[in-house]
Amino acid sequence: AWHERLLHNPCLRTETMNQSPPHHSKTLFEKNGVSLVATILSSSSSSSTSDDDDHDGIILTLYLHRHTEKNVINPTMISLLVQALHVIDTHPILSHTNNKSLIVTGIDHDDLKICKFFGNGLDLEWMMKASNNQSNTNGGAAAAAAVSAATKTENPTSRMIEMFNSQVLAKILTLPFRTVAAINGHCIGAGLFLALACDYRFMRTERGYIQWPEARLGMRLTKGFAELSKDKISDYAVLREGLLTAKRYTSREALAAGIIDGEYPLEELYAAAFRFAVEGLPEASDNPLEYFDPKAYTEMKMEIWCTSYRALKFGKVSDLPHSRI
């Protein structure tokens, strides 16, 4: 079981976590390579407590383990993410507390060698099949044609992107607690937008890159992806370079550019994200938010990233590039 493996994971040993509280973990959702695990920080000295109401916070981890598909975004992945996010809204141990944070990652604690992708963009193969493209055109060009068609009329690709935007990205963007992307490998296109929807981003060193691939593939961003990029990347020069040249950023380059907030070796990445998630708990001892209100917190995120939230939640792939949402 996931929670048993987590308890014995060296990334979560007390000495590794800088003397974090005792904890136990529960799998709240697990299906077809996507799982949601709650690590419950115990307020007692025992890590085996069964009283889930007596805790010092909950760290949620949304694991993306569709490794054979490189964690691409397709209708199956979107449906699984929507189901996991619904559990966050409705599970009893989560609905009774505001003291929680979320980590999104593709790390596999059982086998770090397979953790090559955080998210490899939209599923180009699915897009070609959905558009009934039987030509010999290469995958990137055919997928670009599918997106181009989606910008003109509703089709399966446009519906998929709009569902990803409105039900996944807009939701994560405005969750009423700290969200951290632990980028364990390549983070490309839609995978990058998933990371950008989180409040903070940490990335592994040595392997993997971040990229907006649209210029290379001959496709436009669409409004939701464009506004999210503009809201989360404050440096115009970085936005210009990343979008117009399809530059591949290493972790060091991404950190220097302000795309990510930290870089760590893969073996240390989850522990670093976990520590940061704990520090961001509303009731964290170092910086408590005394009168924390989750509704106000969500509304504040909407205010900060209003343009991208509106474009993701209400925009259409067919919206013109110069339109206002």
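Definitions and limits used
Residues numbered from 1 in each chain as written. Predicted model: local features only at pLDDT ≥ 70, side-chain atom pairs only at ≥ 80, totals over all residues. Heavy atoms only, no water. 1 Å grid on protein atoms, 1.4 Å probe; cavity = no way out; pocket = protein on both sides within 12 Å on 5 of 7 lines; lining within 4 Å. Points joined across faces, edges and corners; volume = space filled by probe spheres on them. Helix = DSSP H or I, 4+ residues; strand = E, 2+ residues; numbered from the N terminus. Nonpolar A, V, L, I, M, F, W, Y, C, P; charged D, E, K, R; others polar. Pairing = 2+ DSSP bridges. Phe/Tyr/Trp six-rings, centres within 6.5 Å; stacked < 30°, edge-to-face > 60°. Buried < 20%, exposed > 50% of the residue type's maximum accessible area, 1.4 Å probe, protein only. Salt bridge = Lys/Arg side-chain N within 4 Å of Asp/Glu carboxyl O.

A.B. asks: Describe empty space enclosed by the protein, listing the residues and the values that go with them.
C.D. replies: Enumeration according to the criterion identifies one cavity of 30 Å³ or more in this entry. Considered as a void within the structure, the largest cavity measures approximately 50 Å³ in volume. Breaking the lining of the largest cavity down by element, the ones donating at least two residues are helix 6 (156-173) and helix 9 (223-232). Taken together, the residues of the lining of the largest cavity break down into three nonpolar, four polar and three charged.

A.B. asks: Please provide a residue-by-residue account of the sheet that holds strand 9 (residues 210-211), values included.
C.D. replies: The strand order across the open sheet built from three strands is 5-7-9, with neighbouring strands paired in parallel fashion. Strand pairing shows two members of the sheet lacking a second neighbour, strand 5 (117-120) and strand 9, which therefore form its edges. Bridge analysis of strand 5 against strand 7 (residues 186-188) gives three bridges, and the strand direction is parallel. Counted as the bridge partner of F117 is H186 from strand 7.

A.B. asks: Account for the packing of aromatic side chains, naming residues and giving values.
C.D. replies: Ring pairs (aromatic) are described by centroid distance and by the angle formed between their planes. Across all of its chains, the model carries ten aromatic pairs by this definition. Residues Y63 and Y270 carry aromatic rings whose centres are separated by 6.3 Å and whose planes lie at 20° to one another, so their mutual orientation is stacked. Remark: Y270 occurs in helix 12 (residues 266-279) and Y63 occurs in strand 3 (residues 55-64); sequence separation between them is 207 residues. For the pair Y63 and Y270, a shared accessibility class is recorded, and that class is buried. Both rings, one in Y270 and one in F274, keep their centres 6.1 Å apart while their planes meet at 45°; by these two values the pair is tilted. Note that Y270 and F274 are positioned in helix 12 at a spacing of four residues, about one turn of the helix. In this structure an aromatic cluster arises from ring pairing among Y200, F202, Y264 and F276.

A.B. asks: Tell me about the pattern of salt bridges, and please be specific about residues and values.
C.D. replies: Taken as a whole and judged by the stated rule, the model has ten salt bridges. Across the pair K171 and D89 runs a salt bridge whose closest N-O atoms are separated by 2.7 Å. Placement of K171 in helix 6 and of D89 in helix 2 (residues 75-90) is noted, with a sequence separation of 82 residues between them. Under the relative-accessibility criterion, K171 is labelled partly exposed at 27%.

Any functional reading would require information beyond the geometric quantities listed.
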